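Summary of structural features
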Amino acid sequence: MIPRPAVSAHALRSHRNSLSLANISYRFFSRCVIPWTRGLPETQVPPPVVIGALGGSGTRLIVRILREAGYWMGSWCNPVTGDAMALRGFIQRHFDELVRTPRLSAASLEEDFQASIRAHRWGLVDRQSPWGWKNPRNMWIIPFLAHQYPNMIFIQLVRDGRDMALSSNHNLLFKHADLLLGDTEAGRQWRSDPIRAQLHLWVLGNRLAWEQGKELLGDRHLILRYEDLCAQPYDELMRLFALLGIPPDLEGVAEHLIVPSPGIGRWRASDHPALRHPDATTRATLTSFGYAP
């Protein structure tokens with residue numbers, strides 16, 4: 001049985017998002033303007049910076065930092081999450097097929113993607129300006145994105161999976177649990193035990209992004225830990241800016257944007273067995289990302 005409070009909160013957030021002025025405006029724009037636009041394919045632009053994570057990890061912080069550093073992150077963004085609306089729509093339409101067939105390439109898919117990129121970059125005066133976008137689900141579709149932009153930079157933001165298991169952001173779980181978890185214990189029981197299922201999604205998504213990112217992007221795949229960004233912002237921003245080629249004097253400007261979440265370490269107050277006694281795969285994944293299991 002689905003816990004009513006969690007489902008009600010999720011449904012309420014989805015309803016508010018769909019009825020927000022920003023979302024309504026973007027839908028009108030995308031349906032009435034973008035179909036009539038053409039021009040050079042949007043792959044013939046500087047490679048983007050793409051941000052992905054499990055939803056709720058703090059990716060909005062990366063968007064704010066990049067905006068301050070002069071990156072175009074889209075004029076049509078969700079005012080709460082910072083997600084690029086054009087790419088959010090594309091991912092929602094094609095997420096299942098891109099997860100099932102990671103290296104899928106079809107004419108209709110490419111056309112829809114290019115239209116979404118045109119919408120995202122609408123209003124950008126200088127086509128050669130640095131740009132990018134954020135959507136948590138990006139980390140599940142790296143092969144497709146790398147096919148579109150082989151030289152893109154991918155930022156994978158990681159936050160302790162045990163804290164993430166207690167997050168109120170269960171968007172990915174409610175929308176894609178059956179697809180991503182499949183016929184596993186977590187998959188069969190995600191409605192009755194969303195904490196265990198959310199932790200399992202954290203493991204699957206971050207391991208997948210790490211493996212595919214390193215294989216397809218090499219040094220252009222950067223893993224940032226949210227906790228390190230909060231504890232030692234100077235060092236982590238220097239790593240990020242060095243990869244992007246941003247002047248180091250900007251790290252002092254961006255540092256003021258970093259406000260640690262009070263939810264860091266909240267898993268320690270929980271007695272849930274999946275958090276207190278994680279299975280072997282979860283322990284190995286926590287260790288891999290520098291979290292003591």
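Residues numbered from 1 in each chain as written. Predicted model: local features only at pLDDT ≥ 70, side-chain atom pairs only at ≥ 80, totals over all residues. Heavy atoms only, no water.

**Topic: the sheet that holds strand β4 (residues 221-225)**
For clarity, the threshold we go by: Here, a strand pair is defined by DSSP locating no fewer than two bridges between the strands. Put simply, DSSP marks the helices as runs of H or I at least four residues long and the strands as runs of E at least two long, and each gets a number from the N terminus on. The convention used is that axes are lines fitted to C-alpha atoms, helices contributing only their stretch in contact, and that angles between N-to-C directions extend from 0 to 180 degrees. Whether two residues are in contact is decided by their heavy atoms, any of which lying within 4.5 Å being enough.
Judged by pairing direction, the sheet is parallel, and its 4 strands sit side by side in the order β2-β1-β3-β4 without closing on themselves. Looking at strand neighbours, the two that pair on one side only are β2 (132-134) and β4, the edges of this open sheet. Within the sheet, the average angular offset between the axes of one strand and its neighbour, ignoring direction, is 15 degrees. Where helix α12 (residues 233-244) meets the sheet, its contacts fall on β1 (49-52), β3 (153-158) and β4, and the angle it forms with β4 comes to roughly 165 degrees.

**Details of the packing of aromatic side chains**
Describing an aromatic ring pair means giving the distance of the ring centres and the angle of the ring planes. Going by this rule: Stacked, tilted and edge-to-face pairs are distinguished by plane angle, under 30 degrees for stacked and over 60 for edge-to-face with tilted covering the rest, among Phe, Tyr and Trp rings (Trp via its six-membered ring) whose centres lie within 6.5 Å. Categorising residues by exposure relies on relative accessible area from a 1.4 Å probe, with only protein chains included: less than 20% of the type maximum marks a residue as buried, more than 50% marks it as exposed, and the intermediate range marks it as partly exposed.
Tallying each qualifying case throughout the model produces 11 aromatic pairs. Ring centres of F90 and F113 lie 5.2 Å apart, and the angle between their planes is 65 degrees; on these two criteria the pair is classed as edge-to-face. Taken as a pair, F90 in helix α4 (residues 85-100) and F113 in helix α5 (residues 107-120) lie far apart in primary sequence, 23 residues in all. Just as F90 is buried, F113 falls in that class too. Geometrically, the ring pair formed by F90 and F144 is stacked, given 5.7 Å between the ring centres and 25 degrees between the ring planes. Within this pair, whereas F90 is found in helix α4, its partner F144 is found in helix α6 (residues 142-148), the two being separated by 54 residues in sequence.

**Here we look at helix α15 (residues 280-288)**
Stated precisely, the cut-off is as follows: Throughout, the arc means the angular range of directions from the helix axis out to the C-beta atoms. What qualifies as a polar contact is a pair of N or O atoms within 3.5 Å, subject to a donor-acceptor requirement within protein and to the restriction that residues adjacent in sequence count only when both atoms come from side chains.
Regarding α15, the residues found buried are T282, T285 and L286. Here the buried residues of α15 occupy an arc of 100 degrees about the axis, which is enough to place them on one side. The elements touched by buried residues of α15 are α7 (161-165) and α10 (194-217). Of the residues that open α15, the one with a side-chain oxygen 3.2 Å from the backbone nitrogen of T281 is D279. Positive phi shows up at G290, right after α15, with a value of about 90 degrees.

**Some words on the pairing of β1**
By the alternation rule, side chains of β1 split into V49 and I51 and V50 and G52, which are all buried. Looking at chain direction, β1 and β3 are connected through 4 bridges and run parallel. Residue pairing across strands places V49 opposite I153, the latter belonging to β3.

**Some words on the nonpolar core**
Keep this limit in mind: In this text, buried Ala, Val, Leu, Ile, Met, Phe, Trp, Tyr and Cys residues form a nonpolar core when linked through side-chain atoms within 4.5 Å.
One finds F113, W133 and W202 to be the most contacted residues of the largest nonpolar core, which totals 52 residues. Of the residues forming this core, the biggest block, 7 residues, is contributed by α10. Counting 27 residues, the second largest nonpolar core, distinct from the first, contains V63, I153, L222 and L229.

**What about the pattern of salt bridges?**
The condition is simple: By definition, a salt bridge exists where a carboxyl oxygen of Asp or Glu is found within 4 Å of a side-chain nitrogen of Lys or Arg.
Throughout the structure, instances matching the rule amount to 8 salt bridges. The partner of R162 in a salt bridge is D160, and the shortest N-O contact between them spans 2.8 Å. The class of R162 is buried, set by a relative accessible area of 2%. On the accessibility criterion, D160 (5% relative accessible area) is buried.

**A closer look at the pairing of β4**
Across the 5 residues that make up β4, a large majority, 5, are buried. Of the two faces of β4, the one holding H221, I223 and R225 and the one holding L222 and L224 are both buried throughout.

**Thoughts on the packing of helix α8 (residues 171-181) against α10**
Here is the rule: When describing relative orientation, an angle under 35 degrees is termed roughly parallel and one over 145 degrees roughly antiparallel, while 65 to 115 degrees is termed roughly perpendicular and anything else oblique. The crossing is said to be left-handed when, going from far helix to near helix, the turn is anticlockwise and less than a right angle, and right-handed when the turn is clockwise. Gly counts as polar in this scheme, as do all residues outside two lists: the nonpolar Ala, Val, Leu, Ile, Met, Phe, Trp, Tyr, Cys and Pro, and the charged Asp, Glu, Lys and Arg.
Across the interface, α8 lies against α10 with an axial gap of 11 Å and an inter-helix angle of 65 degrees. Our classification of the angle between α8 and α10 gives roughly perpendicular. Read as a crossing pair, α8 and α10 show a hand that is left-handed. Across from L172, L173, L180 and L181 in α8, the residues of α10 making contact are P194, A197, Q198, H200, L201 and L204. Its residues assigned to classes, the contact of α8 with α10 comprises 8 nonpolar, 2 polar and no charged.

**Quick notes on the side chain of T285**
Secondary-structure assignment places T285 in helix α15. For T285, a relative accessible area of 0% corresponds to the buried category. At 3.1 Å, the side chain of T285 and the side chain of R207 are in polar contact. Not counting residues within four places of it along the chain, the set of residues in contact with T285 comprises W202, V203 and R207.

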